[in-house]
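Okay, here's what each chain looks like letter by letter:
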Amino acid sequence: MKDIKNKNALRSVRMLEEAYVELLSEKDPDKITVSDIARKADLNRGTFYAHFDDIHDLERSLTDEMLHRLTVILSEVVNESFLENPRPILDRIGEFLTENRDVIQRFVLTGKLLSFFNMMEDRLREQTVEKLEQEHPDDVPFILFVADYVVGGILHTYESWLNSHEGSVSIDVVNDNLEKLVRSTGKFVKEETCEK
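Because the structure is a prediction, the values reported are computed rather than measured.

K.L.:
Would you explain the layout of surface pockets in this entry?
P.N.:
Leftover empty space is mapped by rolling, across the atoms, a probe with the size of a water molecule. Here the largest pocket defines a volume of roughly 210 Å³. Arg14, Glu17, Glu18, Val21, Leu62, Glu65, Met66, Arg69, Asn100 and Val103 together form the lining of the largest pocket. Listed by contribution, the elements that provide at least two residues to the lining of the largest pocket are helix H1 (7-24) and helix H4 (55-77).

Shown next, in the form of structure tokens:
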């Protein structure tokens, strides 16, 4: 994304991003054009190209911005053992997913930004491994398996929740159940590492 210098430019970028997200639910993603996005945002094509090189650049901008916000959230709450007290992280991720549910669903359902969850998994796994390695420095291979298992399971559960059409299960119910599973995994890890 090209440099953004002022409030008007930031507003234009937001309008273009919002227009693109709206179009994802209206058209085949491969048929969305720069003209479509500019028209939907009530801006001209020149404004689009003042901020983005192409539609892929716009997609990267959206993904990067969401991942940055998620990284900030995770860095704020990873301060104690995730396996012993996962709720702060689960609540923050739940809030993030709820606030951005429409956008993320459109990305995932259209397949345009399917890698978003992979990137999210990498960020959460990295922070989880770092914390677990500090707590269990002699069990690094085991900790890597635990991190993959826990993080992969959590994110797959969230992805399933995002893709569900019923909407009957609240994020709090999802997090209640994930908390139980993560805590039980934490107890297992503690028992395993104490036996060694």
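And the narrative resumes.
K.L.:
Is there a simple way to think about the nonpolar core in this case?
P.N.:
Side chains of a nonpolar character, in soluble globular proteins, are inclined to be buried together. Judged by nonpolar contacts, the single largest core of 52 residues is most densely connected at Ile37, Ile93, Leu97, Met120 and Tyr158. Broken down by secondary-structure element, the contributors of at least two residues to this core are H1, helix H2 (34-41), H4, helix H5 (87-99), helix H6 (101-110), helix H7 (115-135), helix H8 (140-163) and helix H9 (171-195). It is H8 that provides the largest number of residues to this core, a total of 11 residues. Each residue touching Tyr158, except ones within four places of it in the same chain, is listed here: Leu90, Ile93, Gly94, Leu97, Phe117, Ile171, Val174, Asn175 and Leu178.

K.L.:
Where do I start with the pattern of salt bridges in this structure?
P.N.:
If the charged atoms of two oppositely charged side chains come close together, the side chains can form a pair. Under the counting rule described, the total for this entry stands at 12 salt bridges. A salt bridge links Glu26 to Lys40, with the shortest nitrogen-to-oxygen separation between them at 2.8 Å. Of this pair, Glu26 sits in the loop between H1 and H2 while Lys40 sits in helix H2, placing them 14 residues apart in sequence. On the basis of relative accessibility, which here comes to 48%, the residue Glu26 falls in the partly exposed class. Classification of Lys40 as partly exposed rests on a relative accessible area of 34%. Across the pair Asp57 and Arg60 runs a salt bridge whose closest N-O atoms are separated by 3.8 Å. Note that Asp57 and Arg60 are positioned in helix H4 at a spacing of 3 residues, about one turn of the helix. Looking at Arg60, the relative accessible area reads 45%, which means it is partly exposed.

K.L.:
Please clarify how a negative patch on the surface should be interpreted in this entry.
P.N.:
Side chains of Asp122, Glu126, Glu130 and Glu133 sit close together on the surface and give a patch of like negative charge. With respect to the secondary-structure elements, Glu130 resides in helix H7. With relative accessibility at 48%, the residue Glu130 sits in the partly exposed group.

K.L.:
How should I be thinking about the packing of aromatic side chains in this particular structure?
P.N.:
Note on aromatic pairs: each is described by the distance of the centres and the angle between the planes. All chains considered together, the criterion is met by 3 aromatic pairs. One aromatic cluster in this structure is built from Phe48, Tyr49 and Phe52. It is Arg101 that lies over the ring of Trp161; its NZ or CZ is 3.9 Å from the centre.

K.L.:
Sorry, what's going on with H5 here?
P.N.:
Think of an α-helix as turning once every 3.6 residues; residues three or four places apart then point the same way. Compared with an ideal rise of 1.5 Å per residue, which puts 13 residues at 18 Å, H5 spans 18 Å between its outermost C-alpha atoms and is within 8% of the ideal. Every buried residue of H5 is listed here: Arg87, Ile89, Leu90, Ile93, Gly94, Phe96 and Leu97.

K.L.:
Explain unusual backbone geometry to me, please; I cannot follow it from the model alone.
P.N.:
Among all residues save glycine, negative phi is the norm, and among peptide bonds the norm is trans. Phi angles above zero are rare outside glycine, and Asp42 is one such case at about 60 degrees. Along the polypeptide, Asp42 turns up in the loop between H2 and helix H3 (45-51).

K.L.:
Would you take a moment to explain the packing of H5 against H8 for this structure?
P.N.:
Two packed helices can be described by the angle between their axes and the distance between those axes. The contact between H5 and H8 brings their axes to 12 Å, and the two run at 30 degrees. Taken together, the axes of H5 and H8 are roughly parallel relative to one another. Here H5 runs over H8; the crossing is right-handed. For the pair H5 and H8, contact is made by Leu90, Ile93, Gly94, Leu97 and Thr98 and by Ile154, Tyr158, Trp161 and Leu162, respectively. Tallied by class, residues from the contact of H5 with H8 come to 7 nonpolar, 2 polar and no charged.

What counts, and at which threshold
- Residues numbered from 1 in each chain as written.
- Predicted model: local features only at pLDDT ≥ 70, side-chain atom pairs only at ≥ 80, totals over all residues.
- Heavy atoms only, no water.
- 1 Å grid on protein atoms, 1.4 Å probe; cavity = no way out; pocket = protein on both sides within 12 Å on 5 of 7 lines; lining within 4 Å.
- Points joined across faces, edges and corners; volume = space filled by probe spheres on them.
- Helix = DSSP H or I, 4+ residues; strand = E, 2+ residues; numbered from the N terminus.
- Core = buried A, V, L, I, M, F, W, Y, C linked by side-chain atoms within 4.5 Å.
- Buried < 20%, exposed > 50% of the residue type's maximum accessible area, 1.4 Å probe, protein only.
- Contact = heavy atoms within 4.5 Å.
- Salt bridge = Lys/Arg side-chain N within 4 Å of Asp/Glu carboxyl O.
- Patch = residues over 30% accessible without salt bridge, like charges linked within 9 Å, V, L, I, M, F, W, Y side chains within 5 Å.
- Areas by Shrake-Rupley, 256 points an atom, 1.4 Å probe, with all protein chains shown as cover.
- Lys, Arg positive; Asp, Glu negative; His and termini not counted.
- Charge placed at Lys NZ, Arg CZ, Asp CG, Glu CD.
- Phe/Tyr/Trp six-rings, centres within 6.5 Å; stacked < 30°, edge-to-face > 60°.
- Lys NZ or Arg CZ within 6 Å of the ring centre and 35° of its normal.
- Expected span 1.5 Å × (residues − 1).
- Axes fitted to C-alpha atoms, helices over the stretch in contact; angles between N-to-C directions.
- Parallel < 35°, antiparallel > 145°, perpendicular 65-115°, else oblique.
- Left-handed = near helix turned anticlockwise from the far one by under 90°.
- Nonpolar A, V, L, I, M, F, W, Y, C, P; charged D, E, K, R; others polar.

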